Amino acid sequence: MTAIPGTPHADRPATEDKPLFGTLLTAMITVFAEDGSVDLDGTAAEAVRLVDEGCDGLVVCGTTGEYSTMTDDENLSVFRAVKDAVGSRVPLLAGTGSNDTEHSRYLSRAAEKIGMDGLLIVTPYYNKPTQAGVEAHFRSLADSVDVPIMLYDIPGRAGIPIEPETLISLAAHPNIVAVKDAKADLLAATRVMAETDLLYYSGDDGLTLPWMALGAAGLVGVTTHVATRQYRELIDAIRAEDLRTARRINFALEPVVRATMTRLPGAVAAKTILMWQGKLPRNTVRLPHVRPTEAETALVRADLAGSIISDTLLENID
């Protein structure tokens, strides 16, 4: 098979049929016990379910995993638990980004030692560095490890974008191989894809179809927790160039995306809907996240009524 962009992990060569990090990745939740402690067994079980239902890659301890409210030891323990559970089956990316370059370096090196297949590193948030600072941050981290890196471009959270010129420059680094794009600038991304070998992944669940039509490798999603099989069908249809089927599934997923991504923070919504589906025993989150109010719950349930996943929802939820 013809090799595609991206530096392959030693035991997982990338091909046109099998991109380096997979095509359907879930930025997975971290399961917490009722008292807020990390439930490693529950988190490992969720990873197994996601892979069983169609994910061919996972992001561990990303934003939806509530990594920023967890200690370093907790994050590393989750990396190990998920690695032990599904690491032989799919590529695993560790969320090791921070606005502190040295802290991110520590987590990145620790994740590499654990055996994670790659790193998801977000734009340094809050500090609002210049593009020169953004590039220096990413280069410094990429120089510190020997695993492939997916950059996470999400100006809505970070406060700044990664500009196309910065991405084009960073693409020359052998360890920087992919981008998760959550800024929805399709024109800018088209330029970067045309001028570099970077693999692109949609970071907006509802834009998976247009992103992949432009040449993106796949999706790193949150809604994929609650509609995993349906997203597998969508991505398979796009990759098979079956536009009619892809459009049908995309339209059917819209209310699920609305419920999961527009009413509540993704971690809160995903855990709540998973609980309703009977796939998670509780929807515990850590402050500053809180469980949804009655009004928020009503909005989410109204979105899901009659949706493509409504038959998996429990009735008469308090």
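None of the values given here were measured: they were computed from a predicted structure.

## Quick word on the packing of aromatic side chains
Consideration 1: In total, this model carries one aromatic pair according to the counting rule given.
Consideration 2: Between tyrosine 200 and tryptophan 211, the ring centres sit 5.7 Å apart and the planes meet at 20°, which makes this aromatic pair stacked. Taken together, the positions of tyrosine 200 in strand β7 (residues 199-202) and tryptophan 211 in helix α8 (residues 208-214) put the pair eleven residues apart, joining distant regions of the chain. You'll find tyrosine 200 and tryptophan 211 in the same group, each marked buried.
Consideration 3: Here the basic side chain of arginine 286 rests over the ring of phenylalanine 32, its NZ or CZ set 4.7 Å away from the ring centre.

## A short note on the UniProt feature "binding site: pyruvate" (unreviewed entry) in the protein chain
Consideration 1: UniProt records the feature "binding site: pyruvate" (unreviewed entry) at Thr64 and Val220, using the numbering of this structure. Spatial clustering of the annotated residues is evident: they stretch over 157 residues in sequence, but the largest pairwise C-alpha distance comes to 11.1 Å.
Consideration 2: In this structure threonine 64 touches Ala27, Met28, Ile29, Thr30, Val222, His225, Gly266 and Ala267, once residues within four positions along its chain are discounted.
Consideration 3: Tracing the chain through its elements places valine 220 in strand β8 (residues 218-221).
Consideration 4: Aside from chain neighbours lying at most four places away, what touches valine 220 is Leu25, Ala27, Val59, Met150, Lys180, Tyr201, Ser202, Gly203 and Asp205.

## What to know about unusual backbone geometry
Consideration 1: Cis geometry is adopted by the peptide bond preceding proline 288, which originates at leucine 287 and carries an omega value of 15°.
Consideration 2: Tracing the backbone through its elements, the reader meets proline 288 in the loop between α11 (266-276) and α12 (294-304).
Consideration 3: A positive phi angle, close to 55°, is found at lysine 128, a residue other than glycine.
Consideration 4: By the element assignment, lysine 128 lies in the loop between β4 (118-122) and α4 (131-142).
Consideration 5: On the accessibility criterion, lysine 128 (55% relative accessible area) is exposed.

## Some points on helix α10 (residues 243-261)
Consideration 1: A maximum bend of about 35° is found in α10 at leucine 253, where proline proline 255 lies one to four positions downstream.
Consideration 2: Taken as a whole, α10 has its buried residues at Ala246, Ile249, Asn250, Leu253, Pro255, Val256, Val257, Ala259 and Thr260.
Consideration 3: Looking at the buried positions of α10, the neighbouring elements they touch are α8, α9 (228-239), α11 and α12.

## A look at the packing of helix α1 (residues 40-52) against helix α2 (residues 72-86)
Consideration 1: Interhelical geometry of α1 versus α2 gives an angle of 45° and a closest axis separation of 9 Å. Relative to α2, the element α1 is oriented oblique. α1 and α2 meet at a crossing whose hand is right-handed. Touching Leu40, Thr43, Ala44, Ala47, Val48 and Val51 of α1 are Ser77, Val78, Ala81, Val82, Ala85 and Val86, all from α2.
Consideration 2: Here the residues of the contact of α1 with α2 are counted per class, giving ten nonpolar, two polar and no charged.

What counts and what doesn't
Residues numbered from 1 in each chain as written. Predicted model: local features only at pLDDT ≥ 70, side-chain atom pairs only at ≥ 80, totals over all residues. Heavy atoms only, no water. Phe/Tyr/Trp six-rings, centres within 6.5 Å; stacked < 30°, edge-to-face > 60°. Helix = DSSP H or I, 4+ residues; strand = E, 2+ residues; numbered from the N terminus. Buried < 20%, exposed > 50% of the residue type's maximum accessible area, 1.4 Å probe, protein only. Lys NZ or Arg CZ within 6 Å of the ring centre and 35° of its normal. UniProt positions renumbered as here; feature names shortened; annotations may be inferred. Contact = heavy atoms within 4.5 Å. Bend = angle between axes of the 7 residues up to and from the residue. Axes fitted to C-alpha atoms, helices over the stretch in contact; angles between N-to-C directions. Parallel < 35°, antiparallel > 145°, perpendicular 65-115°, else oblique. Left-handed = near helix turned anticlockwise from the far one by under 90°. Nonpolar A, V, L, I, M, F, W, Y, C, P; charged D, E, K, R; others polar.

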